[in-house]
Number of protein chains: 2
Amino acid sequence: MVKCITTIEQLHAELNQAYLDHKTIGLVPTMGALHQGHASLIQASSKENDITVVSVFVNPTQFGPNEDFDKYPRTLEADLKLAANNNATIVFAPDIDTLYPSKDPSYLEVLGNVSEVLCAKSRPIHFRGVCTIVAKLFNVVRPTRAYFGQKDAQQVLIIKRMVKDFFIPVELRVMPIIREQDGLALSSRNKYLTNEQRTQALVLSQSLKHVANRFAQGERNVKTLVSEARKIIEQSPIAKIDYVEILALDELEAIDTIENKALMALAVYFGSTRLIDNIILE
Amino acid sequence: MVKCITTIEQLHAELNQAYLDHKTIGLVPTMGALHQGHASLIQASSKENDITVVSVFVNPTQFGPNEDFDKYPRTLEADLKLAANNNATIVFAPDIDTLYPSKDPSYLEVLGNVSEVLCAKSRPIHFRGVCTIVAKLFNVVRPTRAYFGQKDAQQVLIIKRMVKDFFIPVELRVMPIIREQDGLALSSRNKYLTNEQRTQALVLSQSLKHVANRFAQGERNVKTLVSEARKIIEQSPIAKIDYVEILALDELEAIDTIENKALMALAVYFGSTRLIDNIILE
């Protein structure tokens, strides 16, 4: 059975012997509303570590003032079951005051191109909030390994840089995007979609698949690939594109031609729900 | 004999057994140009820990564009001797690229009143740079305890908040200001002073001593105490006051009357050399 812990004191009491014995600890940081994407991270962690801690915390500092912090799904009971079924040891579900103990906040921020493009344009404080909470969780849990989904491609790159720049003693493990049978990337925000939106949202994975095929056939021109992807997305009359871009890895510089590894990433609104998806071209 | 180490790999090779054996490690973060103030920190650390690491690194991100980064004294040979004489185990003296491995920087910043007042007004990026480098050093060295001088009173308060807000697993140890016989607080920047400036700079400790006496006699009015301190400092014709303030601990809020613990802090230029000093009133 998984243990649900809400305070740092309890967590450390639980982990103290593991620290002393140098047991391996896997951390899966989540905002809850766990789905099979999270399940794949928890499974990977429980295979690779003695102890797996799943954190469940809807982090206020990564939501903008007009974003969905209040309505973000909170499903702790179901999360505990999913965590248990995938062999997590501990679910750490603290409240906001526990992780933000001061009246004024402290922030950790990665600067540079990687944190200025893509999602950062429409969500300017998002990654600062992500880095801050992940850095806190790293210090609280002190994991050997931490598990993130490739679904949040830019987040992964920024956290990689944070770990590098701050010498955080953790191994990052990035797991593949998990998709529904029909191609839709799993996301806690899929719950917001109406049936109609859910059907139309398939243009996202279709556009990525198209670009992957064209890339495999040898197409390297970024404008061509992006324009073809946009056409597929625009076949949905309700899709409102935030961005569709192909950028060089790892710093996400703009490119005209794909020479080395590139990230194709997109963010598209269906109604008020903003979905992201991506594929690595290499 | 103290070992001088310049890379993180060497440092970890040296400390790895200590980590495995859960030995206690003390960190004394410095910018070099070590004096008896640093010596007191190193002594305290070597008494309280199995291993003492003294870092020597003139951190560029805490200097403003018109500050003394270039001319800041670098005296590694003498630093090694002082560290050895005070029973340090390791001097860690990396170069800039080692601690700033990315083209673009990442920062850790404590927000709120404590990082907006006093030195922050004339040195707006200073504490962001301090927090960033100290957070890096904490991750690199992973100390049990870290030693700071009360001389840098605001720095101490901000690092305390960083440790609290980010749950950094380290015990902070704050050691008293060390003074010359005549009262001047030790500082690596005292080397910049001419004989004349050195003599005149005594007004700083004299003003603090005066305020401490007046406080002991029962005076609690901030305006009165600050004005008396300023008068003493202004007895030096070359002293140019940056600030003389009394603020409430720990968040450094402005107060009219000292009710609980307060910090009296000052920063004064003698020529182009800016000296700081302080005293806690409680």
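The shown structure was predicted, so the numbers you read here are calculated from the model rather than taken from an experiment.

Conventions and cut-offs
- Residues numbered from 1 in each chain as written.
- Chains lettered and ligands numbered in written order.
- Predicted model: local features only at pLDDT ≥ 70, side-chain atom pairs only at ≥ 80, totals over all residues.
- Heavy atoms only, no water.
- Helix = DSSP H or I, 4+ residues; strand = E, 2+ residues; numbered from the N terminus.
- Rg over C-alpha atoms; globule rule 2.2 N^0.38 Å.
- Contact = heavy atoms within 4.5 Å.
- Areas by Shrake-Rupley, 256 points an atom, 1.4 Å probe, with all protein chains shown as cover.
- Lys, Arg positive; Asp, Glu negative; His and termini not counted.
- Charge placed at Lys NZ, Arg CZ, Asp CG, Glu CD.
- Least-squares fit on C-alpha atoms with pLDDT ≥ 70 in both.
- Buried < 20%, exposed > 50% of the residue type's maximum accessible area, 1.4 Å probe, protein only.
- Pairing = 2+ DSSP bridges.
- Axes fitted to C-alpha atoms, helices over the stretch in contact; angles between N-to-C directions.
- Domains from an automatic or database assignment.
- Buried area = accessible area lost by both parts, 1.4 Å probe.
- Salt bridge = Lys/Arg side-chain N within 4 Å of Asp/Glu carboxyl O.

We now examine the overall build of chain A. Counting its secondary structure elements, chain A contains 10 helices and 11 strands. Rg of the C-alpha trace for chain A: 19 Å, near the compact-globule value of 19 Å for 282 residues, within the 12% margin. Dimensions of chain A, computed from the C-alpha atoms along their principal axes, are close to 55 × 40 × 40 Å. For chain A, restricting intrachain contacts to residue pairs at least 6 apart in sequence, the fraction spanning at least 24 positions comes to 73%. Carbon and sulfur atoms provide 49% of the accessible area of chain A, an area that totals close to 12400 Å². Side-chain charges of chain A comprise 31 positive and 33 negative groups, with the mean position of each set lying 2 Å from the other.

Both copies of the chain are related through a single rotation about an axis accompanied by a shift along the same axis. For the pair chain A and chain B, the relating rotation is 180°, the translation along its axis is 0.0 Å, and the fit reaches an RMSD of 0.0 Å. Interpreted geometrically, this transformation is the action of a two-fold axis. Closest approach to the rotation axis among the C-alpha atoms of chain A is made by Leu 108 of chain A, whose C-alpha sits 2.1 Å away. With an isologous cut-off of 70% or more, the 100% of interface residues of chain A that recur at the interface of chain B puts this contact in the isologous class.

Residue and element names in this part refer to chain A. You can see Glu 180 is positioned in the loop between strand E7 (171–175) and helix H8 (195–200). Given a relative accessible area of 35%, Glu 180 falls into the partly exposed group. The spatial distance from the C-alpha of Glu 180 to the C-alpha of Leu 204 is 13 Å, given a sequence separation of 24 residues. Each residue touching Glu 180, except ones within four places of it in the same chain, is listed here: Leu 186 and Arg 198.

Right, let's talk about the sheet that holds strand E4 (residues 90–92) of chain B for a bit. Residues and elements named next belong to chain B. Pairing in this open sheet of six strands is parallel, and the strands run E1-E4-E3-E2-E6-E7 from one edge to the other. Both outer strands of the open sheet, strand E1 (3–5) and strand E7 (171–175), are each paired with one neighbouring strand and no more. Strand-to-strand, the axes of this sheet are offset by a mean angle of 25°, without reference to chain direction. Contacting E1, strand E2 (25–30), strand E3 (51–56) and E4, helix H1 (residues 8–20) runs over the sheet at an angle of about 145° to E4. Across the sheet, helix H2 (residues 36–48) lies against E2, E3, strand E6 (145–149) and E7, angled at about 160° from E6, the strand it touches most.

With that settled, consider unusual backbone geometry. Residue Asp 250 of chain A follows Leu 249 of chain A across a cis peptide bond; omega there is 0°. Within the fold, Asp 250 of chain A resides in the loop between strand E8 (239–248) and strand E9 (253–254). Phi at Asn 87 of chain A is positive, roughly 70°, even though this residue is not glycine. Exposure remark for Asn 87 of chain A: the relative accessible area of 54% places this residue in the exposed category. One non-glycine residue, Ala 33 of chain B, lies in the positive phi region at around 50°. Mapped onto the elements of the fold, Ala 33 of chain B is located in the loop between E2 and H2.

Before going further, it helps to spend a moment on the pairing of strand E11 (residues 273–281) of chain B. Residue and element names in this part refer to chain B. Among the nine residues in E11, seven count as buried, and that is most of the element. When strand E10 (residues 262–270) meets E11, the two strands line up antiparallel, connected through nine bridges. Bridge assignment links Ala 267 to a residue of E11, and that residue is Ile 276. Following E10, the chain reverses through two residues before pairing antiparallel with E11; Gly 271 in that reversal takes a positive phi of roughly 65°.

A few words now on the domain arrangement of chain A. Residues and elements named next belong to chain A. The domains assigned to chain A are domain 1 (3–175) and domain 2 (188–281). Domain 1 and domain 2 are separated by 26 Å when their C-alpha centres are compared. With 25 residues of domain 1 at the contact, the number on the domain 2 side is 20 residues. Around 1900 Å² of area is buried between domain 1 and domain 2 when both sides are counted, 52% of it from carbon and sulfur atoms. Along the contact surface separating domain 1 from domain 2 lie two salt bridges. When the shortest N-O distance is used, the salt bridge between Arg 161 and Glu 251 registers 3.0 Å.

For strand E5 (residues 106–110) of chain A, the buried fraction is high: four of the five residues fall into the buried class. Bridging between E5 of chain A and strand E5 (residues 106–110) of chain B involves five bridges; their strand directions are antiparallel. Bridging across to E5 of chain B, Ser 106 of chain A finds its partner in Val 110 of chain B.

Attention shifts here to the sheet that holds strand E8 (residues 239–248) of chain B. Residues and elements named next belong to chain B. Here we have four strands laid out as an open sheet, ordered E9-E8-E10-E11, and antiparallel in their pairing. One side of each edge strand has no neighbouring strand; the edge strands of this open sheet are strand E9 (253–254) and E11. In this structure, E8 lies alongside E9, joined through two bridges in antiparallel fashion. Looking at E9, one finds that Leu 247 is bridged to Ala 254. Across the sheet, helix H9 (residues 202–216) lies against E10 and E11, angled at about 15° from E11, the strand it touches most. Helix H10 (residues 222–234) contacts E8 and E10 of the sheet and is inclined by roughly 160° relative to E8.

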